[in-house]
Amino acid sequence: MIISASRRTDIPAYYCDWFFNRIKERYVLVRNPINIHRISRINLSPDAVDCIVFWTKNPKPMLERLNELEDYSFYFQFTLNSYGKDVEANLPSKNDYLIGIFKSLSDKIGPDKVIWRYDPIFLSRKYTMDYHIEHFGELTRQLKGYTKKCTISFMDFYPGIKRNIKELEIFGISFAQERQVAEKLSKIAFENGLKMDTCAEKIDLIDLGIAHAKCIDDELISKISGSHIRAGKDKNQRLECRCVSSIDIGAYDTCRNGCRYCYANHNMNMLYKNVENYDADSPLLCSRIGSDDAVNERNVKSFKEK
């Protein structure tokens, strides 16, 4: 079993204590996002967990506690964009803080285990193609040697984010423009020794040396864990997503990064309520078991070949 922590929220940034309590207790409870009264109990023992994939924009709270994961294989998907606070409202300064955190994490666990994400990419009057090229170049030069790969994607206009992005005056972007952006960014990446791939994109850029990504990657997990991983495609993800199967332990409407493009927060009132309910000792993230809830043990197994 591979644990995703998490596509639904930023666990390293805001729920680090809760996560390590779950590791200590060797189990976690997760609500079904479709039927919230169905709760799965998931075994988090090292024998059951092949790898943990962290998704974050600020792993600082975890840096001094990584030794608590000595029995686990893990790696980080670290999103570091060039947008300002008009887009990513609650993130610390990139130059003064987050770039340093990225380097510190890489120094602790190695560049193979820190994947740089530059996504989602959108174009607007402020964030032009030239803007992305200039600032991506600056980030790339600073992160050189601290990661091996950059994953990019282009913005998906989910219905739930239309109100949030209205003030940004974002332009529609054609496949030709996507290709142009990708070609220019990849040239910068390649010149600085980085590979580049795309996350869940229809556009084929293999002729530019840009592959389709597996963000939850059985090949990387096999390398990290030292055991061959045989896992199929995650059927719960979009058709274009090449990630292998994983179990997400996060919860929607709990991320506090304040990103305008975020698909994981649907209701601000629910976000505030969930944050108020956060209890680091609860087996559920930002929630507690109620009388209408049903808890069932989820059958899990290792993907490691014997």
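See the structure above.
Bear in mind the structure is a predicted one, so any value in this text is a computation, not a measurement.

Engineer: Explain the pairing of strand 1 (residues 2-5) to me, please; I cannot follow it from the model alone.
Structural biologist: Sheet faces and side chains relate simply in a regular strand, where the side chains alternate between the two faces. Every second residue of strand 1 is oriented toward a common face, with Ile2 and Ser4 on one face and Ile3 and Ala5 on the other, all of them buried. Two elements, strand 1 and strand 4 (residues 51-56), share four bridges in a ladder whose sense is parallel. Residue pairing in the sheet places Ser4 in a bridge with Val53 of strand 4. Where strand 1 meets strand 12 (residues 247-248), two bridges bridge the pair, whose relative direction is parallel. The residue bridging Ile3 from the neighbouring strand is Ile247, located in strand 12.

Engineer: Sorry if this is basic, but what is going on with the sheet that holds strand 4 here?
Structural biologist: Each strand in a sheet pairs with its neighbour through backbone hydrogen bonds, running either in the same direction (parallel) or in the opposite one (antiparallel). Read from one edge to the other, the open sheet built from eight strands follows the order 11-10-8-6-5-4-1-12, with strand pairing classed as parallel. Looking at the sheet topology across the chains shown, the edges are occupied by strand 11 (211-212) and strand 12. Here helix 6 (residues 175-191) sits on the sheet in contact with strand 6 (114-121), strand 8 (149-154) and strand 10 (195-198), set at roughly 155° to strand 10. Each of strand 1, strand 4, strand 5 (74-79) and strand 6 is contacted by helix 7 (residues 218-225), which is oriented at about 130° to strand 5, the strand it contacts most.

Engineer: Whenever I open this one, the pairing of strand 8 confuses me. Can you help?
Structural biologist: Across the six residues of strand 8, six count as buried, placing the element largely inside the fold. The side-chain alternation of strand 8 yields two buried faces, one formed by Lys149, Thr151 and Ser153 and the other by Cys150, Ile152 and Phe154. As paired elements, strand 6 and strand 8 share four bridges and run parallel to each other. The residue bridging Tyr118 from the neighbouring strand is Ile152, located in strand 8. In this structure, strand 8 lies alongside strand 10, joined through four bridges in parallel fashion.

Engineer: Would you mind going over the packing of helix 4 (residues 129-143) against helix 6 with me for this structure?
Structural biologist: Geometrically, a packed helix pair is captured by the angle between its two axes and the distance between the axes. Running from amino to carboxyl end, helix 4 crosses helix 6 at an angle of 25°, the nearest separation of the two axes being 10 Å. When the axis of helix 4 is compared with that of helix 6, the two are roughly parallel. As helix 4 packs across helix 6, the resulting crossing turns out to be right-handed. Listed contacts from helix 6 to Met129, His132, Ile133, Phe136, Gly137 and Thr140 of helix 4 are Gln177, Gln180, Val181, Lys184, Leu185, Ile188 and Ala189. Considered class by class, the residues forming the contact of helix 4 with helix 6 number seven nonpolar, five polar and one charged.

Engineer: How should the pattern of salt bridges be read in this particular structure?
Structural biologist: Note that side chains of opposite charge can pair when their charged atoms are close. Applying the stated criterion to the full structure yields 19 salt bridges. Measuring nitrogen to oxygen at the nearest pair gives 3.9 Å for the salt bridge that ties Glu64 to Lys108. Taken together, the residues Glu64 in the loop between strand 4 and strand 5 and Lys108 in helix 3 (residues 94-109) connect sequence positions 44 residues apart. Under the relative-accessibility criterion, Lys108 is labelled partly exposed at 44%. The residue Arg288 makes a salt bridge to Asp279 at a minimum N-O spacing of 3.6 Å. Residue class for Asp279 comes out partly exposed when judged on its relative accessible area of 24%.

Engineer: Would you explain the nonpolar core in this entry?
Structural biologist: Soluble globular proteins: nonpolar side chains tend toward being buried together. Ranked by internal contacts, the top residues of the largest apolar core, which has 64 residues, are Ile3, Phe19, Ile52, Leu69 and Trp116. Sort the elements by how many residues they give to this core and helix 3 lands first, with six residues. If you look at the next biggest cluster of nonpolar residues, it comprises 19 residues, including Ile115, Ala200, Ile216 and Ala231.

Engineer: Hey, could you run me through helix 3 in this one?
Structural biologist: Three or four residues apart is the spacing at which side chains of an α-helix point the same way, because the helix has 3.6 residues per turn. Under the 1.5 Å per step criterion, the end-to-end length of helix 3 is 21 Å for 16 residues, consistent within 8% with the ideal 22 Å. Those residues of helix 3 that sit buried are Lys94, Leu98, Ile99, Ile101, Phe102, Leu105, Ser106 and Ile109. Projected down its long axis, helix 3 carries its buried residues within an arc of 150°, all on one side. Residues of helix 3 that are exposed and point over 90 degrees away from its buried face: Asn95, Asp96 and Asp107. In this fold, the buried residues of helix 3 make contact with strand 5, strand 6 and helix 4. The N-capping residue of helix 3, defined by a side-chain oxygen 3.4 Å from the backbone nitrogen of Asn95, is Ser93. Following helix 3 by one or two positions, Gly110 has its phi on the positive side, about 100°.

Engineer: Would you take a moment to explain the environment of Pro283 for this structure?
Structural biologist: By secondary structure assignment, the location of Pro283 is in the loop between helix 8 (268-276) and strand 13 (294-297). Along the sequence, Pro283 and Val30 sit 253 residues apart, while their C-alpha atoms lie 8.2 Å from each other. When neighbours within four sequence positions are excluded, Pro283 is seen to be in contact with Trp18, Arg22, Tyr27, Val28 and Leu29.

Engineer: I tried to follow the side chain of Ser225 on my own but got confused; where do I start?
Structural biologist: Mapped onto the secondary structure, Ser225 falls in helix 7. At 3.3 Å, the side chain of Ser225 forms a polar contact with the backbone oxygen of Ser227.

Engineer: Where do I start with the sheet that holds strand 2 (residues 27-31) in this structure?
Structural biologist: The strand order 2-3-13 describes an open sheet built from three strands, whose pairing is mixed. The open sheet is flanked by strand 2 and strand 13, the only strands paired with a single partner. Ignoring strand direction, the axes of neighbouring strands in this sheet form an average angle of 30°. Strand direction decides the pairing type here: strand 3 (residues 38-43) and strand 13, joined by four bridges, are parallel. By the bridge assignment, Arg41 is partnered in strand 13 with Glu297.

Each value, and the rule that gives it
- Residue numbers run consecutively from 1 along every chain, following the written order of its sequence.
- In keeping with the model being predicted, local features are shown solely for residues with a pLDDT of at least 70 and side-chain atom pairs are shown and tallied solely at 80 or more, while totals for entire chains, interfaces and linings include all residues.
- Hydrogen atoms and water are omitted, and side-chain values are computed over all heavy atoms in the structure.
- Buried residues are those whose accessible area, probed at 1.4 Å on protein chains only, stays under 20% of the maximum for their type, while exposed residues exceed 50% and partly exposed ones sit between those limits.
- Each helix is a run of DSSP H or I of at least 4 residues and each strand a run of E of at least 2, with the numbering of both proceeding from the N terminus.
- When DSSP finds at least two bridges between two strands, those strands are taken to pair.
- The criterion used for residue contact is that any of the two residues' heavy atoms lie within 4.5 Å.
- To get an axis, a line is fitted to the C-alpha atoms, and for a helix only the part in contact is used. The angle between two axes follows their N-to-C directions and goes from 0 to 180 degrees.
- What sets the label is the angle itself: under 35 degrees gives roughly parallel, over 145 gives roughly antiparallel, 65 to 115 gives roughly perpendicular, and the rest give oblique.
- When the near helix sits turned anticlockwise from the far one by under a right angle, the crossing is termed left-handed; a clockwise turn instead gives a right-handed crossing.
- Throughout this entry, Asp, Glu, Lys and Arg are counted as charged residues, while Ala, Val, Leu, Ile, Met, Phe, Trp, Tyr, Cys and Pro are counted as nonpolar. The remaining residues, Gly among them, count as polar.
- Only one rule defines a salt bridge in this text: a Lys or Arg side-chain nitrogen within 4 Å of an Asp or Glu carboxyl oxygen.
- What we call a nonpolar core is a set of buried Ala, Val, Leu, Ile, Met, Phe, Trp, Tyr and Cys residues that are connected through their side-chain atoms within 4.5 Å.
- What a helix is expected to span follows from its residue count: subtract one and scale by 1.5 Å.
- Working definition: the arc comes from the directions between the helix axis and the C-beta atoms, pointing outward to the latter.
- As used in this structure description, the phrase polar contact means that two N or O atoms lie within 3.5 Å; if the pair is within protein, one of them must be able to donate a hydrogen and the other to accept it, and residues adjacent in sequence are counted only when both atoms belong to side chains.

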